[in-house]
Amino acid sequence: MPQPRKIIIDTDPGQDDAVAILLALGSPELEIVGISAVAGNVPLKLTEKNARKICELAGRPEIKVYAGAIRPLVRQLVTAEEVHGQTGLNGPQLPEPAMKLQDQYAVDFIVETLMREESGTITLCPLGPLTNIALALIREPRIAPRIKEIVLMGGGYFEGGNVTPAAEFNIYVDPHAADIVFRSGTPIVMMPLDVTHKALTTTQRTQAFRKLGTKVGIATADMLEFFERYDEGKYGTDGGPLHDPCVIAYLIKPELFKGRHCNVSIETASELTMGMTVVDWWGVTKREKNAMVMRDIDHDGFFALLVERLGRL
Ligand code: RIB
Ligand code: CA
């Protein structure tokens, strides 16, 4: 077996973030060097705690969790308790974490890791607003060419937005951070709503987690049954889109996804389209192609991978 791929998960748990973290923990192809929490779905004091709760749920209290940015670079924080609940992890009753939060600031952890580890060996996996990643790039610009790849959940184009008609939540919350990341020159793989909206947690799929009969399986089903109700009401679907695990699934089985290398530019001026990811899918501009934008997913294969890997925890 080849050496596991070293990743840093940057996250705002969030039930879908939680499933992404569990998928990574259940996959020997990946080595989680650390988890950095960011303000997003809920405030930072909850996202960092939720990240620790998930590590303990998986029986992995040794995973290092760091707290990062408490708010976006410029704009005020916008949260999403209406989707994720007041704790950000409504659904299961998970105990307060016993594992400690790391003292080091997450942005310093990201910079230090990238400057220490061999260039091109660390993959960043942002699952929330890109504030920590942008701060790291500003703090130490030399990290940009040292990052192997940034595989992120964010944005939307053909699907529009989920917070405004134009913008997806992660990008909308901190569009200035997203602009910095998409201009960094680092290779980016983008999992927008165009692909995550094709990964729906149907009743049958949620039951498959519950049928695992394990602590992790039952907690995952409880999380999904809470998380999906908002999007079911909004879109009238059976189930809700399981956004963030698409990032981790790509690292394990990239063949599950199809997309196109395009230019992606971020709206940071107009309030009407603030945070819009303008994807030049048809190549009508001369703007540099800076991201592999995913649009299709083998959703049956995706959920089969999730159940199999979470079943190992
Ligand atoms: O728009 C979906 C994204 O916003 C997901 O990452 C979800 O967890 C929230 O952060
Ligand atoms: Ca998230």
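Data block above holds the structure.
Quick caveat: nothing in here was measured; it's all calculated off a predicted structure. (Residues numbered from 1 in each chain as written. Chains lettered and ligands numbered in written order. Predicted model: local features only at pLDDT ≥ 70, side-chain atom pairs only at ≥ 80, totals over all residues. Heavy atoms only, no water.)

1. Description of the coordination of the calcium ion (ligand 2)
Our working definition: Donor criterion used throughout: N, O or S atom within 2.8 Å of the metal, extended to 3.2 Å for Na, K and Ca. Water excluded; incomplete-looking sites may result. Numbering goes from the N terminus for both helices and strands, where a helix is a DSSP run of H or I of at least four residues and a strand is a run of E of at least two. Think of it in three bands: with a 1.4 Å probe and only protein chains considered, a residue is buried below 20% of the maximum accessible area for its type, exposed above 50%, and partly exposed in between.
Within the protein, the calcium ion (ligand 2) binds to D12 (OD), D17 (OD), D17 (OD), L127 (O) and D244 (OD); these donor distances fall in the range 2.3 to 2.6 Å. When the donor residues of the calcium ion (ligand 2) are listed from N- to C-terminus, their spacing reads D-x4-D-x109-L-x116-D. Residue D12 is found in the loop between β1 (5-11) and α1 (15-25), and its partner L127 is found in the loop between β4 (122-126) and α5 (131-139); the two are separated by 115 residues along the sequence. An identical accessibility class is assigned to D12 and L127; each is buried.

2. Quick notes on the environment of D238
Defined as follows: Any two residues whose heavy atoms approach within 4.5 Å at even a single point are treated as in contact.
Locating D238 in the fold gives a position in the loop between α10 (215-235) and α11 (245-252). You can call D238 partly exposed: its relative accessible area is 40%. Expressed as a C-alpha distance, the spacing of D238 and L200, which sit 38 residues apart in the sequence, is 7.5 Å. Among all residues touching D238, those that are not within four sequence positions of it are L200, T201, T202, T203 and E232.

3. Brief notes about the site of ligand 1
To keep things clear, this is the line we draw: Any residue with at least one heavy atom within 4 Å of a molecule or strand is counted as near it. The definition of a polar contact used here is a pair of N or O atoms within 3.5 Å, where within protein one atom must be able to donate a hydrogen and the other to accept one, and adjacent residues in sequence count solely through side-chain atom pairs. For every accessible area listed, the method is Shrake-Rupley and the probe measures 1.4 Å; residues are considered covered only by the protein chains on display. Classification used: nonpolar for Ala, Val, Leu, Ile, Met, Phe, Trp, Tyr, Cys and Pro, charged for Asp, Glu, Lys and Arg, polar for all others including Gly.
The full set close to ligand 1 counts 13 residues, and D16, L127, N162, E168 and D244 are the nearest of them. One of the side-chain N or O atoms of D17 is found 2.9 Å from an oxygen atom in ligand 1. Here an oxygen atom of ligand 1 sits 2.6 Å away from a polar atom, N or O, in the side chain of E168. A total of 270 Å² of accessible area belongs to ligand 1 in isolation, and the protein chains cover 97% of it. Among the elements of the structure, α1 and α6 (169-173) are those that each provide at least two residues to the shell around ligand 1. The residue inventory of the shell around ligand 1, partitioned by class, reads three nonpolar, five polar and five charged.

4. Describing helix α7 (residues 175-182)
Of all eight residues in α7, six are buried, a share of seventy percent or more. Restricting attention to buried positions, one finds in α7 the residues P175, A177, A178, D179, V181 and F182. Contacts made by the buried residues of α7 are with α5, β5 (147-153), α6, β6 (188-191), β8 (264-266) and β10 (291-297).

5. Remarks on the pattern of salt bridges
Rule in force here: Salt bridges are defined by distance alone: a side-chain nitrogen of Lys or Arg within 4 Å of a carboxyl oxygen of Asp or Glu.
Applying the stated rule across the entire model yields 18 salt bridges. A salt bridge links R75 to E271; the nearest nitrogen and oxygen atoms lie 3.0 Å apart. Here R75, found in the loop between β3 (65-67) and α3 (81-84), pairs with E271, found in the loop between β8 and β9 (277-279); they are 196 residues apart in sequence, far enough to count as distant. Classification of E271 as exposed rests on a relative accessible area of 53%. Of the charged contacts in the structure, one is a salt bridge between D108 and R139, with a shortest N-O distance of 2.6 Å. One end of the pair, D108, is in helix α4 (residues 106-116); the other, R139, is in helix α5, and 31 residues separate them in sequence. One salt-bridge network, held together by shared partners, links E29, E308, R309 and R312.

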